[in-house]
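Each chain, written out:
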Amino acid sequence: MGISPLPTSASEPSFSAHKTMINTTHFLTYFYLFIYILLSSGVILYNKWVLSPKYFNFPLPITLTMIHMGFSGTVAFFLVRVFKVVSPVKMTFEIYATCVIPISAFFASSLWFGNTAYLHISVAFIQMLKALMPVATFLVAIMCGTDKARCDVFFNMLLVSVGVVISSYGEIHFNVVGTVYQVTGIFAEAFRLVLTQVLLQKKGLNLNPITSLYYIAPCSFVFLFVPWYLLEKPMMEVSQIQFNFWIFFSNALCALALNFSIFLVIGRTGAVTIRVAGVLKDWILIALSTVIFPESTITWLNIIGYAIALCGVVMYNYIKVKDVRASQSPETIPDRITKDWKFEKRSSDFYVPDSVSNNGGSGGGNGSLSDINIDEEAPLISSSRLSHIGRMQLTNYATGK
């Protein structure tokens, strides 16, 4: 009685399929990262070109932001109400009044101040100042009780602040007004991120990118209307402002595409990859800005200060990622392959209403709201809200929901 050989033919196709699936997943991940870096850099440079008096000469940042909000809100309305691509969440008046309105107010403020900074300081210097974002978020989170003061994080924040101060001292075209606008916008963004965690997540409200635009964009438009009416409407009546439909349409379309690319990146990568991509994007953007806008002169003191700030940011990222990994259970290779396969299957159903989870639940992630740091320049969707959505999606894929 002979011994039958082991069935190798059944295992070999399975291994080959897993290998092909992993290669496809990696390709799509790098492709989404490339699209994210391209769109993020493009939107920033596009906004600078439109707002700068030296180029297109449309020095009305509130008007430009309102165009973004109006366009995104209109697109979201058609997708939700007309084409019914996704279903709206159960939004009560209490949730809208206590959550959406204050978040939209800080959202509008961060966009208003951030875009106004383009009128006074260079893109390169703005990117250097954005290194303060972890500092602002950390301070606001401590104030609101969502994070605890830690010595290691505090020293990292101190290092970032020293680097930004050195970089500011080395800025040739330093402008106090532009710097104040940018820093104020950063802190407004930090308050928005913390409010998103405290208010929306505690209410169990899970918004996807389309429903986020549907609820947040119109409210932000209303908040922007008041400063626009007081500050920019008189300017539009007195001065001759050129308006090109295709320029503003393409600008708003790029901003919309950027936010969807951010959601795809969050759903496919981890905190380490996103942070590395963000640092790479900043360096690329600083280099491109000096080429496209010759007035953006960079000094060695700029570079040294920004390098010091980046060291603090990298150390901070390492601490946060380490905290997240420590709070997560170890994952085996087969589990990872299974999760990737489920994500690959589910990501193709992103715009199908049945695949969108709107059943609430404030869990789904470990660590603070800054565990995944996405480009703050994205003018339509909250990076913290997206990081929560991304972690919720990854948790659902891992559990097979």
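Structural data are supplied above this passage.
Treat the numbers as computed from the prediction; the structure is a model and nothing was measured. (Residues numbered from 1 in each chain as written. Predicted model: local features only at pLDDT ≥ 70, side-chain atom pairs only at ≥ 80, totals over all residues. Heavy atoms only, no water.)

Undergrad: Could you give an account of the overall build of the chain, with specific residues and numbers?
TA: Across its full length, the chain carries 13 helices and zero strands. Reading the helices (α) and strands (β) of the chain from amino to carboxyl end gives α-α-α-α-α-α-α-α-α-α-α-α-α. Split into buried and exposed, the 401 residues of the chain put 51% on the buried side. The long-range share in the chain, meaning contacts at least 24 apart out of those at least 6 apart in sequence, stands at 89%. (Helix = DSSP H or I, 4+ residues; strand = E, 2+ residues; numbered from the N terminus. Buried < 20%, exposed > 50% of the residue type's maximum accessible area, 1.4 Å probe, protein only. Contact = heavy atoms within 4.5 Å.)

Undergrad: Can you break down helix 2 (residues 61–82) residue by residue, with the values?
TA: Count 3.6 residues to each turn of an α-helix, and residues three or four apart come out pointing the same way. For helix 2, built from 22 residues, the straight-helix expectation of 32 Å at 1.5 Å per residue is met to within 8% by its first-to-last C-alpha distance of 31 Å. In the stretch just after helix 2, K84 is the one whose phi turns positive, near 55°. (Expected span 1.5 Å × (residues − 1).)

Undergrad: Explain the packing of helix 5 (residues 133–144) against helix 6 (residues 151–169) to me, using residue names and the numbers behind them.
TA: Contact pair helix 5 / helix 6: the axes reach a minimum separation of 9 Å and the direction vectors enclose 140°. The angle between helix 5 and helix 6 places the two elements in the oblique class. With respect to the hand of their crossing, helix 5 and helix 6 are arranged in left-handed fashion. Facing P134, V135 and F138 of helix 5, the residues of helix 6 in contact are V153, M157, V160 and S161. Partitioned by chemical class, the residues of the contact of helix 5 with helix 6 number six nonpolar, one polar and no charged. (Axes fitted to C-alpha atoms, helices over the stretch in contact; angles between N-to-C directions. Parallel < 35°, antiparallel > 145°, perpendicular 65-115°, else oblique. Left-handed = near helix turned anticlockwise from the far one by under 90°. Nonpolar A, V, L, I, M, F, W, Y, C, P; charged D, E, K, R; others polar.)

Undergrad: Which residues make up the layout of surface pockets, and what values go with them?
TA: Reported here for the second largest pocket is a volume of approximately 200 Å³. Looking at the second largest pocket, the residues that line it are K48, S52, P53, K54, Y118, L119, H120, I121, S122, H173, E295 and S296. A per-class count over the lining of the second largest pocket returns four nonpolar, five polar and three charged. (1 Å grid on protein atoms, 1.4 Å probe; cavity = no way out; pocket = protein on both sides within 12 Å on 5 of 7 lines; lining within 4 Å. Points joined across faces, edges and corners; volume = space filled by probe spheres on them.)

Undergrad: Requested: an account of the nonpolar core, with residues and values cited.
TA: Membership of the largest hydrophobic core comes to 45 residues, with the highest contact counts inside it found for V50, V123, A131, V160 and V164. For this core, the secondary-structure elements that each account for two or more residues are helix 1 (11–51), helix 4 (123–129), helix 5, helix 6, helix 7 (176–200), helix 9 (245–268), helix 10 (271–292) and helix 11 (300–326). Those residues within four positions of V164 in sequence are excluded, and the remaining contacts are M128, L129, A131, L132, G305 and A309. Listed in part, the 34 residues of the second largest apolar core include V80, L199, L205 and Y215. (Core = buried A, V, L, I, M, F, W, Y, C linked by side-chain atoms within 4.5 Å.)

Undergrad: Describe a nonpolar patch on the surface, listing the residues and the values that go with them.
TA: Together, Y169, W283, W300, L301, I303 and I304 make up an exposed nonpolar region whose accessible area comes to about 700 Å². Per element, the largest residue contribution to the nonpolar patch is four residues, and it comes from helix 11. Within the secondary structure, W283 sits in helix 10. (Patch = residues over 30% accessible without salt bridge, like charges linked within 9 Å, V, L, I, M, F, W, Y side chains within 5 Å. Areas by Shrake-Rupley, 256 points an atom, 1.4 Å probe, with all protein chains shown as cover. Salt bridge = Lys/Arg side-chain N within 4 Å of Asp/Glu carboxyl O.)

Undergrad: I'd like to hear about the pattern of salt bridges, residue by residue, with values.
TA: Tallying each qualifying case throughout the model produces five salt bridges. Two residues, E189 and R192, come together in a salt bridge whose shortest N-O distance is 2.2 Å. Of the two residues, E189 and R192 both sit in helix 7, three residues apart, roughly one turn of that helix. Per residue, the accessibility class of E189 equals that of R192, and both read buried. Ionic pairing is found between E237 and K233, a salt bridge with its closest N-O pair at 2.5 Å. One end of the pair, E237, and the other, K233, are both in helix 8 (residues 209–238), four residues apart, so they sit about a helical turn from each other. Through salt bridges that share partners, R150, D152 and D323 make up one connected network.

Undergrad: With reference to specific residues and values, describe the environment of L285.
TA: Assignment of secondary structure puts L285 in helix 10. L285 has contacts with S41, I44, L45, V123 and Q127, leaving out every residue within four places of it along the chain.

Undergrad: Please set out the packing of aromatic side chains residue by residue, giving values where relevant.
TA: All told, the structure shown has 23 aromatic pairs when counted by the stated rule. Relative to Y32, the ring of F31 has its centre 6.1 Å away and its plane inclined at 50°; by these criteria the two rings are tilted. On the basis of relative accessibility, which here comes to 40%, the residue F31 falls in the partly exposed class. Plain terms: the ring middles of F243 and F248 are 4.6 Å apart, the flat faces sit at 15° to each other, and that makes the pair stacked. An aromatic cluster is defined as three or more aromatic residues linked by ring pairs; in this entry it consists of Y46, W49, F56, F58, F243 and F248. (Phe/Tyr/Trp six-rings, centres within 6.5 Å; stacked < 30°, edge-to-face > 60°.)

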